[in-house]
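In case you want the letters, here they are:
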Amino acid sequence: MRGFLYDNGLGLAFGAAFVLALAGQAIAGRAEFNSDLITDGLQPVGYLAYLTSSDFAVDVTENWQSEYLQFFLYISVTVWLVQRGSPESKPVDKAGLESDHEQLTGEHARPDSPRWAAAHDWRQAVYSHSLGLVMGTIFLMCWFSQSVTGVASYNEKQLRRLEAPVDWGEYLARAEFWSRTLQNWQSELLAVASMAVLSIYLRQRGSPESKPVGASHSSTGVEG
Amino acid sequence: MGPAAALTGLLLAVTTTACGSLDERRDDARAAAVRFEQALRGGRTAVLCAVLAPGTREEVEQSAEEPCDRAVEGDRLPAGGTVRHMDVYGDQARAVLEHDTLFLAHFDAGWKVTAAGCEPRGEQPYQCEIKGR
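In this text, all values refer to a predicted model and were calculated from it rather than measured experimentally.

## Re the environment of glutamine 70 of chain A
Residues and elements named next belong to chain A.
In step 1: Mapped onto the elements, glutamine 70 comes out in helix α4 (residues 54-80).
In step 2: The class of glutamine 70 is buried, set by a relative accessible area of 14%.
In step 3: C-alpha separation for the pair glutamine 70 and serine 187, spaced 117 residues apart in sequence, amounts to 9.6 Å.
In step 4: Contact partners of glutamine 70, with chain neighbours within four places excluded, come to Glu188, Ala191 and Val192.

See the structure below:
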């Protein structure tokens, strides 16, 4: 059991922290939602009603979509763009998809390579982009969910203010949809840019996300 | 059953429950709107007041300085006719009638009318004869 926990500490710790943060969001979100309802002379809602509400769902999905967009972009853009001196970048002369030899694909696949890496047909093409495809697909699904739950949440507030509801297409052109979307995108893009640049000059001893403490500022694609 | 099948089952169950629940909520909200209109048409002010949301009822009584069933007699609420369209989002609803628009909210005691005698004003909120705070 100890071996399992040690071997999976990163995934388990972040998984547990995710659940706790989501629970905290539910508690704070319900309190804020109910405060608005009470102000409007309406009846506050319980936890089950809040957790299944569009208000909670849109707040969750707007953050999820931007996180998956961040990883999708990071995975895809770092194929082609490099950052000299950053451990987040590959060496500056390696921009691009790289050769079969470097990627261990086709005839260069090893005995322990995934089977689709050794294939010479569409399976290798799909597997070669599977990480970006999955992250991009989850991003699109979460963004779509944000739009659907967002229009429901928006319309609930519209009705509370004695205003007419809008349909999904109209909502996509409304400032609220883009405000929710872009405020999340900008923060994710800032975080990626900060990480790519700060990791050139700063170190975190023992972290695989950092260069070794003594590595030069100019060494690129070296992780500790 | 694998995790994917379990997740699919859960999503289907949630979707089915949510959709079933939405139809039910729309029917319940419509019934409250119809009850309000029938009471208005029949001059049954006590029933009319019982269908009003607490905040709206309080506002009606405060502005008229009379009990609700007397206060609503002086309000110029139009006879709305039949319900032509319902919008339900969460605990809020709008009932578009032939000659009026009602806004409703869900309480433990069921759907209640929060505003009535409402006229649209473009991008502005509806102008309503009676409404809550």
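Picking up after the structure, the text goes on.
## A short note on the side chain of arginine 180 of chain A
All names here are of chain A.
In step 1: Residue position: arginine 180 is located in helix α10 (residues 175-201).
In step 2: On the accessibility criterion, arginine 180 (11% relative accessible area) is buried.
In step 3: Within polar-contact distance, the side chain of arginine 180 engages the side chain of glutamate 62 at 2.5 Å.
In step 4: Not counting chain neighbours up to four residues away, the residues in contact with arginine 180 comprise Val58, Asp59, Glu62, Gln146, Ser153, Lys157 and Tyr171.

## What about the side chain of aspartate 91 of chain B?
In step 1: Mapped onto the elements of the fold, aspartate 91 of chain B is located in the loop between β1 (83-89) and β2 (92-97).
In step 2: Within polar-contact distance, the side chain of aspartate 91 of chain B engages the side chain of arginine 25 of chain B at 2.4 Å.
In step 3: Every residue in contact with aspartate 91 of chain B, bar those within four places of it in the chain, is listed here: Val45 and Glu156 of chain A together with Arg25, Leu104, Ala105, His106 and Trp111 of chain B.

## So, the domain arrangement of chain A
By convention, interface size is frequently given as the accessible area that disappears when the constituent parts associate.
Residues and elements named next belong to chain A.
In step 1: What the domain assignment reports for chain A is domain 1 (1-52) and domain 2 (53-224).
In step 2: Relative placement of domain 1 and domain 2: their C-alpha centres are 24 Å apart.
In step 3: The partner domain 2 presents nine residues to the 13 residues of domain 1 that form the contact.
In step 4: Where domain 1 abuts domain 2, roughly 960 Å² becomes buried across the two surfaces, and 58% of that area is made up of carbon and sulfur atoms.
In step 5: When residues of domain 1 are sorted by the area they lose upon contact with domain 2, Gln25, Phe33 and Tyr50 head the list and together hold 46% of the total.
In step 6: Where domain 1 packs against domain 2, one counts four residue pairs in polar contact (both at pLDDT 80 or more).
In step 7: Of all the secondary structure elements, the ones that give two or more residues to the side of domain 1 that touches domain 2 are α2 (9-39) and α3 (47-51).

## As for the sheet that holds β1 of chain B
Residue and element names in this part refer to chain B.
In step 1: Here we have five strands laid out as an open sheet, ordered β1-β2-β3-β4-β5, and antiparallel in their pairing. The two strands at the open ends of the sheet, each matched to only one other strand, are β1 and β5 (124-131). Direction aside, neighbouring strands of the sheet carry axes that sit 30° apart on average.
In step 2: As defined by bridge partners, β2 adjoins strand β3 (residues 101-107) across five bridges and the pair is classed as antiparallel. Bridge pairing links valine 96 to threonine 101 in β3.

## A word on helix α8 (residues 130-160) of chain A
In step 1: Taking 1.5 Å per residue as the helical rise, α8 of chain A with its 31 residues ought to reach 45 Å, and the 44 Å between its terminal C-alpha atoms agrees with that figure.
In step 2: Taken from the residues just after α8 of chain A, leucine 162 of chain A is the one with a positive phi, measuring 60°.

## A word on the pattern of salt bridges
In step 1: Per the counting criterion, the structure on display carries 14 salt bridges over all chains.
In step 2: Between aspartate 55 of chain A and lysine 157 of chain A there is a salt bridge; the shortest N-O distance is 3.3 Å. Taken as a pair, aspartate 55 of chain A in helix α4 and lysine 157 of chain A in helix α8 lie far apart in primary sequence, 102 residues in all.
In step 3: Accessibility expressed as a relative area gives 22% for lysine 157 of chain A, which makes it partly exposed.
In step 4: In this structure, arginine 94 of chain B engages aspartate 87 of chain B in a salt bridge whose closest nitrogen and oxygen atoms are separated by 2.8 Å.
In step 5: Looking at arginine 94 of chain B, the relative accessible area reads 10%, which means it is buried.
In step 6: For aspartate 87 of chain B, a relative accessible area of 10% corresponds to the buried category.
In step 7: Linked by salt bridges that have partners in common, Asp59, Glu62, Glu176 and Arg180 of chain A make up one network.

The rules we used
Residues numbered from 1 in each chain as written. Chains lettered and ligands numbered in written order. Predicted model: local features only at pLDDT ≥ 70, side-chain atom pairs only at ≥ 80, totals over all residues. Heavy atoms only, no water. Helix = DSSP H or I, 4+ residues; strand = E, 2+ residues; numbered from the N terminus. Buried < 20%, exposed > 50% of the residue type's maximum accessible area, 1.4 Å probe, protein only. Contact = heavy atoms within 4.5 Å. Polar contact = N/O pair within 3.5 Å; in protein donor to acceptor, adjacent residues only side chain to side chain. Domains from an automatic or database assignment. Buried area = accessible area lost by both parts, 1.4 Å probe. Pairing = 2+ DSSP bridges. Axes fitted to C-alpha atoms, helices over the stretch in contact; angles between N-to-C directions. Expected span 1.5 Å × (residues − 1). Salt bridge = Lys/Arg side-chain N within 4 Å of Asp/Glu carboxyl O.

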